[in-house]
Amino acid sequence: MFTKILIANRGEIACRVIVTARKMGIATVAVYSDADKEARHVKLADEAVHIGAAPSRESYLLADRIIAAAQQTGAQAIHPGYGFLSENEAFAQRCEDEGIAFIGPKAHSIAAMGDKIASKKLANEAKVNTIPGWNDAIESAERAVEIARDIGYPVMIKASAGGGGKGLRVAYDDKEALEGFAACQNEARNSFGDDRIFIEKFVQQPRHIEIQVLGDSQGNVIYLNERECSIQRRHQKVIEEAPSPFISDATRKAMGEQAVALAKAVKYQSAGTVEFVVGKDQDFYFLEMNTRLQVEHPVTECITGLDLVELMIRVAAGEPLPLSQADVRRDGWAIECRINAEDPFRNFLPSTGRLVKFQPPAQNLFAGGVGDSGAAPAGVAAAHDAGTTGYGVRVDTGVYEGGEIPMYYDSMIAKLIVHGIDRDDAMRRMRAALGGFVIRGISSNIPFQAALLAHPQFVSGDFNTGFIAQHYAHGFHAEDVPHDDPLFLVALAAFMNRRYRARASGISGQLAGHNVKVGERFVVVVLGADGQHQHHEVSVTDFEGKSGSSAVSVGGKSYQISSAATLGEIRVQGQCNGASLTAQVERGTPRNPLALRIVHNGTQIDAMVLSPLGAQLHRLMPYKAPPDLSKFLLSPMPGLLVQVAVEPGQKVQAGEKLAVIEAMKMENILFAAQDGVVAKVLAGRGESLAVDQVIVEFE
C-alpha cells in the first residue's frame, strides 16, 4: 500500500480523497494555484505544493508541474479526482512512465472510453445498445447542419472530449445547429484542448441513468447498481439519487451486465461510470463512459456501504476487489443535491466572493469532504460499511466560513447527501437539510433545490431530463416555491420577534416608564413588490414554565411553536404542532434593516412585526420606487468580459447579443431586453467586471 499520495485537484473532491487517505493511514500532498493558497484542501493535506497562476490552464492542467510536485514530495501515486486531468490518457501514461501509480484506469482504457467517438464504436463491438448518429469528427459548422438534417432534428452536438455540460448543445433547427457547433468547439477547445465534435440523435423525454462499475488488475469487474441523474439544468446534473425510481430489477440487471461487458472490453481497472439514456419503455442506449470518479458517487456509497475512493486506491496498489457481484447490496435510498454558487433568481448567474457564513446542517454519515462529522468506519475488510454509518446527512465540501469562491473554477460549493430508509424518508431528510444549510455572502441554488424537492412530479418520480426546461422555461422565481401553509411563515416571524422583545425587556438600566414591553398582539406586515404589502393580525402567548414555547394565532389558525435557537442564530430548529421544524430567520434585509427574513422549505418572505399602532402608521408611508436602470446593460456577475458585440450608435433589437462574459469556466451571453440605440460602451474586451458594473449605456 502507498504511504503518500498526491491529489491533482482542488475543492471538495480533493478534500474527499484526503479524508479517505487519512483513514487509511496514507499521507497526502495537495497542489494549489494562486487563487487557492488559502483553500480548504491545502489546509487539510499533510503537504502542499504551489503549481501556478489562478487559471486552470496555468496550474491544474499542467501535467509537468504536477508530476514534478509528486517527485519532489516522494508521492508514490496520484489521484486525479474529477475534471482537469482525470480523463487525460497522456497524463495517466506519463505517471506510469515516471513510476508513479495513477489512481484511476490505465491510459489505454481512458483513450478508448474518454473519446466519445471511439467509445461508441467499441460499445457497438461489445454488443452494448447505442444511439443512432454520426460518430466521426465533423470538420465544419456547415457539414454539421447537413448531418443534423440527415439524422433528423432534434440532435445533440457534443465535443468528443467534453464533460460536465461543457461542449454540449441540443439543436432543433439549422440555426441552432450552426451556432451550437461553434459554441461547442470553443468551449471544448478552452476546457479540454480538443475541439472535435460529433452529432447524435437526441432521444426525446429521456432519463439519464448511469451504472457505477469497479474493475481490478486481475480482470474482475462488478457493477454497483445505478444512479438516477435526470434532474439536469443545461446538461449539468442538479439532483442525483440511487436507486432510480423508474427502472425495474430486470432493466437494472441488463444495464449492469452491459456496463460490465464494456468495461471488460477495455480491461478497465478502477472506478468508472457507464452512462445510459433510457426511454419511456425502459429501452436504454449507451451514452458515454466516464473513466473517473463521478461527482455523484456518494449516493452509491450510501446504498452499498462502500468507500469508492478507498477501493480506487486499493485497486491502484494492485489489490483485487474484496467483493463479488453477489456481495453488492442495495440498502435504503440516497439523494444528492449539488449546492452551487449561483443566483437562481437571476437566471442562475454565477455568484463569487467571500462566504460570510457557511453553516452546513448537522451530519452523521461518513462525509468525504468534511472529516469532522463523526468517526469514519475503518477499512474495507468485508468491503461494506466503509461508505456510510447508517441513515442521515452528509456534506462533502471544499470551502469554509470566511473563505473565497473564486471565479476561475466551477461553481460547486458543496454536495448535500442524505440516506433514508426509502425514497419518501430520503426526501424528508433532504428538505430538512436544505432548510438548515446557511450560506451568506454569496447566492446559492438552495431555494431552487427546495422547489424541485417539493414539485409533485419529482415527488412521484415522474420526470425526465427535460423536467427543469419544461417547468422553469422562463427562469426561476420566488412564486415558483409555493408554501403549503403560508400563515406558518407569518406565525414564525411573530414567534421570533416576541423572543427578541422578551430578551430586550430584560436588559437592565432601562429608563423608567420607557422600558421595552413584550406584548402579545402584533401585526405582521409581509412586504410585497411595488409596495403591495399584506397585513396579518397575530397574537403570541407564552406557555407558562416552558421557555421558548409559544402559542401563535393568525388567520383563524393556531400554531404551537417551540425552539431553543439562540438569538442571532440564523438556523432555527424546534417543533411546530408536534412536527419537527427547520427554518432560517434573519434580522435585516438589503432593503429594510428592520424586517425579518423567514425561509422555510425554499419559500422566503420579508416581514415587519409591528404593534397595532405601528402598523397603522406604516400604512401611511409612501412607496419609494427603485431607480430605472433599463437604459444600462449591467454585468450580472463578476467575470471576464470576452466580447462586446455592439458599438456606439448601433441599433439593437430585443434578443440581440450584446456581450459575452466568462465566469466559472462557462461563457454567459448577455442579450438586449428591448429595442434601442447604443449611446456608449463603457467596458472593453479583457476587462474584469464587478457585479452591476455598467457595460453599455443606451440612448
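Quick caveat, the model's predicted, so the values are computed rather than measured.

1. Brief notes about the confidence of the model for the protein
Here the protein shows a mean pLDDT of 90. Residues at 70 or above account for 96%. Low pLDDT, under 50, characterises residues 368-389; the stretch is placed with 69 contacts to residues that sit more than four places away or in other chains.

2. Quick word on the pattern of salt bridges
Under the counting rule described, the total for this entry stands at 44 salt bridges. Arg394 serves as the salt-bridge partner of Asp396, at 2.9 Å between the closest nitrogen and oxygen. Pair check on accessibility: Asp396 and Arg394 agree, each one buried. Where salt bridges share partners, they join Arg16, Lys23, Glu301, Asp307, Glu310, Arg314, Glu319, Arg394 and Asp396 into one cluster.

3. Comments concerning the pairing of strand E33 (residues 639-644)
Alignment of E33 against strand E38 (residues 688-689), held across two bridges, turns out to be antiparallel. Across the sheet, Leu640 pairs through a bridge with Ser688, a residue of E38. Bridging between E33 and strand E35 (residues 657-663) involves four bridges; their strand directions are antiparallel. In the sheet register, Val644 faces E35, and the bridge partner there is Ala659.

4. Details of the nonpolar core
By size, the foremost hydrophobic cluster in this structure holds 40 residues, and its most contacted members are Ile339 and Ile413. Elements with a minimum of two residues in this core: strand E12 (236-242), strand E15 (333-340), strand E20 (392-397), strand E22 (412-420), helix H12 (423-435), helix H13 (446-454) and helix H15 (467-471). Setting aside its immediate chain neighbours within four residues, Ile339 contacts Ser411, Met412, Ile413, Ala414, Leu416, Leu434, Phe437, Ile439, Ser444, Asn445 and Ile446. By size, the runner-up hydrophobic cluster in this structure holds 35 residues, among which are Ile7, Ile13, Leu308 and Leu323.

5. A closer look at the sheet that holds E12
Strand order in the open sheet formed by eight strands is E14-E13-E10-E11-E12-E15-E22-E20, with antiparallel pairing between adjacent strands. Each having just a single partner strand, strand E14 (284-290) and E20 make up the two edges of the open sheet. Shown here is a sheet whose adjacent strand axes are inclined to one another by a mean of 25 degrees, direction ignored. Here nine bridges tie strand E10 (residues 207-215) to strand E13 (residues 270-278), and the two strands are oriented antiparallel to one another.

6. Examining unusual backbone geometry
Here the amide bond leading from Tyr153 into Pro154 is cis, since omega sits at 0 degrees, within 30 degrees of zero. Relative to the elements of secondary structure, Pro154 occurs in the loop between helix H7 (141-151) and strand E7 (155-163). In this model, Ala242 is joined to Pro243 through a cis peptide bond whose omega is 0 degrees. For Pro243, the position within the fold is in the loop between E12 and helix H9 (249-265). A positive phi angle, near 60 degrees, is found at Asn347, a position not held by glycine. With respect to the helices and strands, the residue Asn347 is situated in the loop between strand E16 (342-343) and strand E17 (349-350). Taking the relative accessible area as the measure of exposure, Asn347 reaches 42% and is therefore partly exposed. Phi angles above zero are rare outside glycine, and Phe348 is one such case at about 60 degrees. Among the secondary structure elements, Phe348 is positioned in the loop between E16 and E17.

7. Concerning a nonpolar patch on the surface
Taken together, Leu613, Leu617 and Leu620 make up a surface patch of nonpolar side chains, about 340 Å² in accessible area. With respect to the helices and strands, Leu617 occurs in helix H17 (residues 612-619).

8. Some remarks on the pairing of E20
Buried residues dominate E20, accounting for six of its six residues. Looking at chain direction, E20 and E22 are connected through six bridges and run antiparallel. Considered in E22, the bridge of Thr397 is made with Ala414.

9. Focus on the packing of aromatic side chains
The final tally for this structure, using the stated rule, is 14 aromatic pairs. A ring pair is formed by Phe448 and Tyr472, whose centres lie 5.3 Å apart and whose planes are at 75 degrees; its orientation type is edge-to-face. Taken as a pair, Phe448 in helix H13 and Tyr472 in the loop between H15 and helix H16 (486-505) lie far apart in primary sequence, 24 residues in all. Residue Phe448 is classed as buried on the basis of its relative accessible area of 1%.

10. What to know about the packing of helix H4 (residues 89-97) against helix H5 (residues 107-114)
Two numbers describe how H4 lies on H5: the axes approach to 8 Å, and their chain directions differ by 175 degrees. In this view, H4 runs roughly antiparallel relative to H5, as classed from their interaxial angle. Together, Glu89, Ala92 and Gln93 of H4 and Ala107, Ile110 and Ala111 of H5 make up the contact between the two elements. Residue classes in the contact of H4 with H5 are distributed as four nonpolar, one polar and one charged.

11. Brief notes about the sheet that holds strand E24 (residues 521-526)
Taken in spatial order, the eight strands line up as E24-E25-E26-E27-E28-E29-E30-E31 and close into a barrel, and their pairing is antiparallel. Going from strand to strand, the sheet's axes swing by 35 degrees on average, the running direction of each strand aside. Running at roughly 110 degrees to strand E31 (residues 603-610), H17 makes contact with E24, strand E25 (534-542) and E31 of the sheet.

12. Some words on the environment of Leu658
You can see Leu658 is positioned in strand E35. Note: C-alpha distance between Leu658 and Leu670 (12 residues apart in sequence) is 5.7 Å. The contacts of Leu658, once residues within four sequence positions are left out, are Leu633, Val644, Ala645, Val646, Val652, Leu670, Phe671, Ala672 and Phe698.

The rules behind each value
- Residues numbered from 1 in each chain as written.
- Predicted model: local features only at pLDDT ≥ 70, side-chain atom pairs only at ≥ 80, totals over all residues.
- Heavy atoms only, no water.
- pLDDT = per-residue confidence, 0-100.
- Contact = heavy atoms within 4.5 Å.
- Salt bridge = Lys/Arg side-chain N within 4 Å of Asp/Glu carboxyl O.
- Buried < 20%, exposed > 50% of the residue type's maximum accessible area, 1.4 Å probe, protein only.
- Pairing = 2+ DSSP bridges.
- Helix = DSSP H or I, 4+ residues; strand = E, 2+ residues; numbered from the N terminus.
- Core = buried A, V, L, I, M, F, W, Y, C linked by side-chain atoms within 4.5 Å.
- Axes fitted to C-alpha atoms, helices over the stretch in contact; angles between N-to-C directions.
- Patch = residues over 30% accessible without salt bridge, like charges linked within 9 Å, V, L, I, M, F, W, Y side chains within 5 Å.
- Areas by Shrake-Rupley, 256 points an atom, 1.4 Å probe, with all protein chains shown as cover.
- Phe/Tyr/Trp six-rings, centres within 6.5 Å; stacked < 30°, edge-to-face > 60°.
- Parallel < 35°, antiparallel > 145°, perpendicular 65-115°, else oblique.
- Nonpolar A, V, L, I, M, F, W, Y, C, P; charged D, E, K, R; others polar.

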